[in-house]
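These are the residues of each chain, in order.
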Amino acid sequence: MSSSYLFTSESVTEGHPDKICDQISDTVLDAILAQDPASRVAAEVVVNTGLVLVTGEITTKAQVNYVDLVRKKITEIGYTHAENGFSANSCSVLIALDEQSPDISQGVTSAQEQRESLSDSELDKIGAGDQGLMFGYACNETPELMPMPISLAHRVSRRLAEVRKNGDLPYLRPDGKTQVSVQYEDGKPVGIDTILVSTQHTETIGDLSDNTAVQKRIKDDLWSAVVQPVFADIDLKPNDNTRFLVNPTGKFVVGGPQGDSGLTGRKIIVDTYGGYSRHGGGAFSGKDPTKVDRSASYAARYVANNIVAAGLADKCEVQVSYAIGVARPVSVFLETFGTAKVSEEALLEIAQKHFELRPAGIIQTLNLRNLPQERGGRFYQDVAAYGHFGRNDLDLPWEKTDKAQLLKEYLLSTSAA
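What counts and how
- Residues numbered from 1 in each chain as written.
- Predicted model: local features only at pLDDT ≥ 70, side-chain atom pairs only at ≥ 80, totals over all residues.
- Heavy atoms only, no water.
- Helix = DSSP H or I, 4+ residues; strand = E, 2+ residues; numbered from the N terminus.
- Rg over C-alpha atoms; globule rule 2.2 N^0.38 Å.
- Buried < 20%, exposed > 50% of the residue type's maximum accessible area, 1.4 Å probe, protein only.
- Areas by Shrake-Rupley, 256 points an atom, 1.4 Å probe, with all protein chains shown as cover.
- Lys, Arg positive; Asp, Glu negative; His and termini not counted.
- Charge placed at Lys NZ, Arg CZ, Asp CG, Glu CD.
- 1 Å grid on protein atoms, 1.4 Å probe; cavity = no way out; pocket = protein on both sides within 12 Å on 5 of 7 lines; lining within 4 Å.
- Points joined across faces, edges and corners; volume = space filled by probe spheres on them.
- Contact = heavy atoms within 4.5 Å.
- Pairing = 2+ DSSP bridges.
- Right-handed = clockwise from strand over helix to strand, strands pointing away.
- Axes fitted to C-alpha atoms, helices over the stretch in contact; angles between N-to-C directions.
- Patch = residues over 30% accessible without salt bridge, like charges linked within 9 Å, V, L, I, M, F, W, Y side chains within 5 Å.
- Salt bridge = Lys/Arg side-chain N within 4 Å of Asp/Glu carboxyl O.
- Core = buried A, V, L, I, M, F, W, Y, C linked by side-chain atoms within 4.5 Å.

Undergrad: Give a detailed account of the overall build of the protein chain, specifying residues and quantitative values.
TA: What the protein chain contains, in helices and strands, is 14 helices and eleven strands. In summary, the protein chain has a C-alpha radius of gyration of 22 Å against a globular reference of 22 Å for 417 residues, a match within 12%. Reported as C-alpha extents along the three principal axes, the dimensions of the protein chain are approximately 75 × 60 × 30 Å. With 417 residues in all, the protein chain has 55% of them scored as buried. Carbon and sulfur atoms form 49% of the exposed surface of the protein chain, whose accessible area is close to 17,200 Å². Charge separation in the protein chain, taken as the distance between the mean sites of 41 positive and 55 negative side-chain charges, equals 2 Å.

Undergrad: Explain empty space enclosed by the protein residue by residue, including any values.
TA: Counted under the stated rule, the structure contains five cavities of 30 Å³ or more. Space inside the largest cavity adds up to approximately 70 Å³. Residue lining of the largest cavity: Leu-133, Met-134, Phe-135, Thr-272, Tyr-273, Arg-278, His-279, Gly-280, Gly-282, Phe-284, Asp-293 and Ser-297, and that is the complete set. Listed by contribution, the elements that provide at least two residues to the lining of the largest cavity are strand 5 (132-139) and helix 9 (292-309). A per-element tally of the lining of the largest cavity places strand 5 first, with three residues.

Undergrad: Run through the environment of Gly-15, naming residues and quoting values.
TA: Residue position: Gly-15 is located in the loop between strand 1 (4-12) and helix 1 (17-35). With 201 residues separating them in the primary sequence, Gly-15 and Lys-216 have C-alpha atoms 23 Å apart. Those residues in contact with Gly-15 that lie beyond four places of it in its chain are Ile-20, Ile-77, Tyr-79, Pro-174, Asp-175 and Gly-256.

Undergrad: Tell me about the pairing of strand 3 (residues 51-59), and please be specific about residues and values.
TA: Residues Val-52, Val-54, Gly-56 and Ile-58 point to one face of strand 3 and are all buried, whereas Leu-51, Leu-53, Thr-55, Glu-57 and Thr-59, pointing to the other face, are not buried. The pairing of strand 2 (residues 40-48) with strand 3 spans nine bridges and is classified as antiparallel. Across the sheet, the residue bridging to Ala-43 is Gly-56, located in strand 3. Joining the antiparallel neighbours strand 2 and strand 3 is a turn of two residues, in which Gly-50 adopts a positive phi near 70 degrees. Where strand 3 lies against strand 4 (residues 92-98), seven bridges are found, and the strand directions are parallel. What sits directly across from Val-52, in strand 4, is Val-93. Running through helix 2 (residues 66-77), the crossover from strand 3 to the neighbouring parallel element strand 4 is right-handed.

Undergrad: Outline the pairing of strand 7 (residues 188-201), listing residues and values.
TA: Buried residues dominate strand 7, accounting for ten of its 14 residues. Pairing of strand 6 (residues 172-185) with strand 7 involves eleven bridges; the strand directions are antiparallel. By the bridge assignment, Ser-181 is partnered in strand 7 with Thr-194. The pairing of strand 7 with strand 8 (residues 243-246) spans four bridges and is classified as parallel. Bridge assignment links Val-197 to a residue of strand 8, and that residue is Val-246.

Undergrad: Could you give an account of the sheet that holds strand 9 (residues 262-263), with specific residues and numbers?
TA: The strand order across the open sheet formed by four strands is 4-3-2-9, and the pairing between neighbours is mixed. Sheet topology places strand 4 and strand 9 at the edges, where each strand pairs with a single neighbour. This element, helix 1, spans strand 2, strand 3 and strand 9 of the sheet and lies at about 150 degrees to strand 2.

Undergrad: I'd like a description of a negative patch on the surface, backed by residues and values.
TA: There is a patch of like negative charges on the surface, built from Glu-44, Glu-57, Asp-98 and Glu-99. Among the secondary structure elements, Asp-98 is positioned in strand 4. Assessed through its relative accessible area of 53%, Asp-98 is described here as exposed.

Undergrad: Explain the nonpolar core to me, using residue names and the numbers behind them.
TA: Burial of nonpolar side chains together is a common tendency in soluble globular proteins. Counting 90 residues, the largest nonpolar core has Leu-222, Tyr-298, Ile-307, Tyr-322, Leu-368 and Trp-398 as its most contacted members. Counting 15 residues, the second-largest nonpolar core is a separate cluster that includes Val-47, Val-52, Val-70 and Phe-86.

Undergrad: Go over the pattern of salt bridges, please, and point to the residues and values.
TA: Applying the stated criterion across every chain yields a total of 27 salt bridges. Residues Asp-18 and Arg-266 are paired through a salt bridge, measuring 2.8 Å at the closest nitrogen-oxygen approach. Pair noted here: Asp-18 is in helix 1 and Arg-266 is in the loop between strand 9 and helix 8 (268-271), with a separation of 248 residues, a long-range link. Here Asp-393 makes a salt bridge to Arg-391, at a shortest N to O gap of 2.9 Å. Look at Asp-393 and you get partly exposed, because its relative accessible area is 36%. Connected via shared salt-bridge partners are Lys-73, Glu-76, Arg-378 and Asp-382.

This is how it looks when you write it as structure tokens:
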């Protein structure tokens with residue numbers, strides 16, 4: 001029996017209040033790790049009308065001007081107009097930071113951990129920074145091995161920001177959300193049912209002041225300047241039956257932190273797989289790599305990516321779980337939703353044999369501690385908007401499929417034996 005359904009995912013632009021917070025948190029992380037890679041960082045941010053609060057726990061030798069970092073990031077995002085109710089130069093920036101709890105640190109910190117290369121026995125001595133469960137996912141729906149709905153939603157959001165920043169649509173403002181509903185038949189994407197764009201804009205556009213005329217102009221412009229370019233190189237395209245919804249309330253002038261408060265870690269589904277895969281609940285931004293919420297999620301994606309890239313399954317979801325202060329995962333689970341070309345037991349075996357899942361091993365394998373230092377002080381902030389996965393615009397270590405051939409050869413050798 002054939003199965004037909006719609007699946008929807010959303011994305012938000014870098015000017016969304018929650019995403020402002022994620023980016024500031026990761027900008028703080030980048031600046032600290034660039035100076036002191038052994039730092040412990042858990043930076044949380046809150047924004048509201050005219051206010052930024054940076055709080056959390058940080059233990060570091062780095063000397064950082066947090067207020068300056070915040071204002072520069074807000075400027076980069078695009079909040080430079082006072083009429084937005086939130087501007088880089090005029091907002092209040094409050095800093096309320098403590099050091100990490102020694103009860104947490106004792107299970108993670110050691111002199112060994114700060115070395116570049118650790119032996120197998122040394123990796124066993126460095127525990128997870130917290131308990132919890134994390135998921136990684138990959139599928140062959142798109143070239144970047146991501147589910148189609150979230151991939152398209154991110155593409156639309158990124159293009160929305162691009163035409164704002166390059167001046168093609170100068171009346172747009174930083175806040176925005178996108179949503180794409182994809183039609184599936186027998187588990188395969190076959191059509192675009194609905195595209196939704198909500199974007200902040202100026203009250204008037206040129207000589208257009210009537211709201212009906214303004215909204216029509218925005219809809220027409222977004223179709224030609226955003227939607228059509230996004231789908232130009234994609235086989236699956238909108239058709240005559242595709243709904244295109246723009247600013248459904250009829251107006252979106254008041255937005256950003258003036259329209260809604262923001263908080264770090266409140267867009268975890270946007271950050272990952274758009275709801276297509278399960279989520280352990282932990283956010284990424286503002287956390288240094290010893291926090292397995294972040295590093296183990298990246299590692300699980302790395303495993304799933306390589307399994308799908310090797311052609312061993314069409315879909316793969318990996319779960320790992322940890323106990324605080326313990327290095328080896330409490331559990332590792334792998335699900336292929338009936339698409340595996342070999343047994344899931346065999347896939348789980350190769351995942352555990354060929355991928356490092358101990359926290360210090362993940363950091364070492366993916367080079368997570370040194371990336372901000374090696375890339376001019378900027379790395380984590382760049383994945384804080386438009387998704388942490390499937391980013392073919394960035395060179396991300398967990399997106400590599402460099403073990404795909406190894407996995408194929410290992411399975412061939414074991415089956416032959």
